[in-house]
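In case you want the letters, here they are:
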Amino acid sequence: MYRQLYNTNLYLTAYGRIYRNAGSMTPGVTEETADGTALETFDTIIAALRQERYQWQPARRTYIPKKNGKKRPLGLPVWSDKLLAEVMRMILDAYFDATFSDHSHGFRPQRGCHTALREIYPTWTGTAWIIEGDIADCFGSLDHDLIIAALAEHIQDGRFLNLVKKLLDAGYMDHWTFNQTFSGVPQGSILSPVLSNILLSKLDRFVETQLMPQYNTGRKKRANQAYQNLIHRAHHLRKNGQREAARKMKQQAQKLSAIDPQDPDYRRLRYCRYADDFALAFVGPKEEAEAIKQRLRAFLREELKLNLSEEKTLITHTRDKAAKFLNYEITTIQSNRKHTRDKNGYKGRKINGTIGLKVPRKVVAEKCKRYMRKGNPIHRAELLNESDDTIIATYQLEYRGLANYYHMAYNLHTLHTLKRVMEISLTKTKAAQAQNIRPESL
């Protein structure tokens with residue numbers, strides 16, 4: 001595998017993939033950027049690799065704000081390191097992607113948030129509990145030895161493994177002070193996502209080979225005898241001409257579930273992971289959902305040396321409250337009044353138990369704040385010197401991006417509030433530009 005790093009064509013492909021990235025012109029600890037890259041750049045990297053003397057440079061660390069007021073560390077590698085890391089990522093992806101679980105969707109080709117949601121929507125029907133899993137400081141806590149051991153299970157190339165180890169140990173510069181890294185994958189490195197997926201695939205296999213076989217029992221739930229008795233009585237009353245009494249009896253029956261929700265012989269467990277966030281849907285009692293959570297906690301701590309976040313790892317009853325995953329709200333829909341027909345024409349409460357994906361109200365409120373001040377839409381001063389086309393395109397792209405992400409939500413209409421606020425803000429921006437009024441006077 002190490003000899004593949006001598007292929008100049010791979011570096012040309014890597015350059016084509018990353019030179020457009022926003023950070024390609026941002027220097028790391030040296031002044032080297034994508035500007036001025038030539039074939040000699042690739043030759044220099046390959047020559048160092050042939051002689052096994054390539055040295056990763058420590059990344060220059062900066063910090064970006066998070067929604068909770070804290071700051072997330074971000075590393076800025078030098079350009080040569082980015083090129084080599086992208087080549088290594090392509091090689092590792094080509095081999096490992098086929099070995100990853102179908103339930104893993106983060107940082108993989110042809111997969112993303114929407115493929116994860118499309119897995120959840122049709123298959124999690126009847127869910128009672130959702131275990132929302134979040135690994136505390138996952139990327140900063142991954143054990144270096146475990147990463148190398150996971151790679152060594154598939155790769156018997158000491159030079160390649162040593163190169164990865166050097167990357168993990170390269171450290172970072174914070175305010176021009178060198179800091180050594182003892183755990184975690186490099187923040188901001190192109191190679192970090194695939195390395196984390198390789199290690200976290202052990203969690204996927206644990207769920208698929210141990211938890212799911214144990215908690216997937218029974219072909220289907222047994223009928224609810226109380227519901228069946230009421231339906232039979234309603235049928236008997238209607239047969240004897242007592243239509244009004246039969247109607248009331250059927251209404252009473254439809255307050256109950258047609259199947260036994262407490263069937264002890266029926267269990268279902270479903271699983272989906274995106275990077276360090278994962279969710280499990282469980283049909284069964286809460287006590288068993290708690291037991292599943294504790295087994296996950298023990299596996300992560302003992303096998304991967306990771307910890308579940310106490311704050312973000314929750315067990316949610318989805319018929320009463322929405323669980324959160326990938327910034328969507330997930331509920332189990334329950335409506336005894338809504339009747340639909342199936343493909344055979346039979347009418348019933350077909351919507352009950354289906355999964356509903358929702359736009360969180362908090363998301364709409366947060367997005368509206370950008371265009372408002374003191375509760376009212378305002379103009380955007382930073383756009384006053386732009387052309388008409390740029391201003392309109394900016395608003396369109398911002399709204400379209402949000403609408404495209406939440407296109408699977410059944411309450412997508414809630415974005416109309418944001419649309420109205422943005423339209424007023426756009427109008428005020430155009431008015432301020434046309435009147436050439438100074439921003440501070442508005």
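Refer to the structure above for everything that follows.
Summarised in this report is the structure supplied together with it. (Residues numbered from 1 in each chain as written. Predicted model: local features only at pLDDT ≥ 70, side-chain atom pairs only at ≥ 80, totals over all residues. Heavy atoms only, no water.)

Bringing the overall build of the protein into the picture now. Along the protein, the regular secondary structure elements total 14 helices and 15 strands. Along the longest, intermediate and shortest principal axes, the C-alpha atoms of the protein span 95 × 70 × 40 Å. Per-residue burial for the protein yields a buried fraction of 44% across its 442 residues. In the protein, once contacts between residues fewer than 6 apart in sequence are set aside, the share between residues at least 24 apart is 73%. As presented, the protein carries roughly 24400 Å² of accessible surface, and 50% of it is formed by carbon and sulfur atoms. For the protein, the centre of its 70 positive side-chain charges and the centre of its 47 negative side-chain charges are spaced 11 Å apart. (Helix = DSSP H or I, 4+ residues; strand = E, 2+ residues; numbered from the N terminus. Buried < 20%, exposed > 50% of the residue type's maximum accessible area, 1.4 Å probe, protein only. Contact = heavy atoms within 4.5 Å. Areas by Shrake-Rupley, 256 points an atom, 1.4 Å probe, with all protein chains shown as cover. Lys, Arg positive; Asp, Glu negative; His and termini not counted. Charge placed at Lys NZ, Arg CZ, Asp CG, Glu CD.)

Moving on to unusual backbone geometry. At Q110, a residue that is not glycine, the phi angle is positive and equals roughly 60 degrees. Mapping Q110 onto the fold places it in the loop between helix 3 (79-96) and helix 4 (113-123).

Quick look at the nonpolar core now. Formed by 70 residues in total, the largest nonpolar core has its most connected members in L5, L49 and L151. The leading source of residues in this core is helix 8 (residues 192-215), at 11 residues. Once you skip the residues sitting within four places of it in the chain, L49 turns out to touch Y2, L5, Y6, Y11, Y54, L84 and L163. Grouped together as the second largest cluster of nonpolar side chains are 34 residues, W124, L326, V359 and L415 included. (Core = buried A, V, L, I, M, F, W, Y, C linked by side-chain atoms within 4.5 Å.)

Moving on, we get to helix 8. For helix 8, built from 24 residues, the straight-helix expectation of 34 Å at 1.5 Å per residue is met to within 8% by its first-to-last C-alpha distance of 33 Å. Approximately 35 degrees is the largest bend angle found in helix 8, and it occurs at L199. (Expected span 1.5 Å × (residues − 1). Bend = angle between axes of the 7 residues up to and from the residue.)

What follows covers the sheet that holds strand 9 (residues 323-325). In space, the 3 strands of this open sheet follow the order 9-10-13, with antiparallel pairing throughout. Bordering the open sheet on either side are strand 9 and strand 13 (355-358), each of which pairs with just one other strand. The sheet shows a mean angle of 35 degrees between the axes of neighbouring strands, direction not considered. As paired elements, strand 9 and strand 10 (residues 328-332) share 3 bridges and run antiparallel to each other. Looking across to strand 10, one finds that F325 is bridged to Y328. Packed on one face of the sheet, helix 4 meets strand 9, strand 10 and strand 13 and runs near 150 degrees to strand 13. (Pairing = 2+ DSSP bridges. Axes fitted to C-alpha atoms, helices over the stretch in contact; angles between N-to-C directions.)

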